[in-house]
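Chain by chain, the residues:
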Amino acid sequence: MDGVWEVLVARASAPSAVGVAVAVGVAVVVVGVSPAWRVARFVVTLAHEGGHALAAVLTGRRLTGIRVHSDTSGLTVSRGRPRGPGMVLTAAAGYPAPGLLGLAGVWLTVEGHAVAVAAGLGVLLLVALVLVRNVVGTLVVIGTAAVLVGGLLLLPSGIGSALPLVLCLVLVAGAVRSSVELGFSRRARGTSDADALARLTHVPAVLWVAAFVGLTAAAAVATALVLGLLGFVR
């Protein structure tokens, strides 16, 4: 057990400038190109629903489970008071969650803890596997885990070890795109997190959308600053 812990906390060299540039480029392509984004959005949705789930647990609500649907939407079901601070925090946690998770992963990676990031993502996927309540959600979890584990085992070490960083950057960029898309999505009106928060707080949904865009953009800027402090972004 001590040996496993030593591996997890051991510091490795920070990613090279070339490695970071490639990881950023891949993440931009994945989030920016529609066919790739349609696949990547499942992972962003999983992190989104994980944010709801974590907030529900932390505010004392009873978590029932999460779902990821074939149209890349998701649903987290929890039980508790239908109104109040706990419900507001639970509803508000979804959109910022992928960006914050990605930012944390990027920061740990550039600090030399890439192994811990990969292990942490694995633990989160294992927890998600326990929480998901539908086939699509299960496939998303298993598929994401397969890409990470398969990449680490099968790809050359320099490429495989970069996959967690790419995933974290996809979460950061994907959080921004998801928040912006919320503002333009006509079908989401009335059923989105922003609309639920508007009903709970009497603050207009458009202001909640603006808050989501601002928070996810701030996470993206913070990610760039983290990379910039190490000389990767000028």
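This text goes with the structure placed above it.
Observations concerning the side chain of N134
Point 1. Mapped onto the secondary structure, N134 falls in the loop between α6 (114–131) and α7 (135–154).
Point 2. With relative accessibility at 14%, the residue N134 sits in the buried group.
Point 3. There is a polar contact of 3.2 Å between the side chain of N134 and the backbone nitrogen of G137.
Point 4. When near neighbours in sequence (up to four residues on either side) are disregarded, N134 contacts I66, R67, V68 and H69.

Focus: the pattern of salt bridges
Point 1. All told, the structure shown has two salt bridges when counted by the stated rule.
Point 2. Across the salt bridge formed by E181 and R41, the nearest N and O atoms sit 2.5 Å from each other. Residue E181 is located in helix α9 (residues 163–184), and its partner R41 is located in helix α3 (residues 34–58); the two are separated by 140 residues in the primary sequence.
Point 3. Of the residues examined, E181 reaches a relative accessible area of 22% and is grouped as partly exposed.
Point 4. A salt bridge links R177 to E181; the nearest nitrogen and oxygen atoms lie 2.8 Å apart. In this pair, R177 and E181 are both assigned in helix α9, four residues apart and thus about one turn of the helix distant.
Point 5. Put simply, R41, R177 and E181 are held in one network by salt bridges that share partners.

Comments concerning unusual backbone geometry
Negative phi is the rule for most residues except glycine; trans is the rule for most peptide bonds.
Point 1. A positive phi angle, near 75°, is found at T72, a position not held by glycine.
Point 2. In this structure T72 comes out as buried when scored by relative accessible area, which is 13%.
Point 3. Located in the positive-phi region is H202, a residue other than glycine, with phi close to 65°.
Point 4. You can call H202 exposed: its relative accessible area is 69%.

Re the layout of surface pockets
Point 1. Here the largest pocket is characterised by a volume of approximately 860 Å³.
Point 2. Along its surface, the largest pocket is lined by 35 residues, and H48, G74, T191, S192 and D193 are the ones closest to its centre.
Point 3. Within the residue set of the lining of the largest pocket, elements represented by two or more residues are α3, β2 (74–79), α4 (85–92), α9 and α10 (193–201).
Point 4. When residues of the lining of the largest pocket are assigned to their parent elements, the largest contribution, six residues, is made by α3.
Point 5. In terms of residue class, the lining of the largest pocket is made up of 13 nonpolar, 14 polar and eight charged.
Point 6. If you add up the space inside the second largest pocket, you get close to 610 Å³.
Point 7. Forming the walls of the second largest pocket are 26 residues, and the residues nearest its centre are A47, G50, G51, L101 and L124.
Point 8. At the level of elements, α3, β1 (62–68), α5 (96–110), α6 and α9 are the ones that each hand at least two residues to the lining of the second largest pocket.
Point 9. At nine residues, α3 tops the list of elements feeding residues into the lining of the second largest pocket.
Point 10. Among the residues making up the lining of the second largest pocket, the classes are represented as 23 nonpolar, three polar and no charged.

Rules and cut-offs
- Residues numbered from 1 in each chain as written.
- Predicted model: local features only at pLDDT ≥ 70, side-chain atom pairs only at ≥ 80, totals over all residues.
- Heavy atoms only, no water.
- Helix = DSSP H or I, 4+ residues; strand = E, 2+ residues; numbered from the N terminus.
- Buried < 20%, exposed > 50% of the residue type's maximum accessible area, 1.4 Å probe, protein only.
- Polar contact = N/O pair within 3.5 Å; in protein donor to acceptor, adjacent residues only side chain to side chain.
- Contact = heavy atoms within 4.5 Å.
- Salt bridge = Lys/Arg side-chain N within 4 Å of Asp/Glu carboxyl O.
- 1 Å grid on protein atoms, 1.4 Å probe; cavity = no way out; pocket = protein on both sides within 12 Å on 5 of 7 lines; lining within 4 Å.
- Points joined across faces, edges and corners; volume = space filled by probe spheres on them.
- Nonpolar A, V, L, I, M, F, W, Y, C, P; charged D, E, K, R; others polar.

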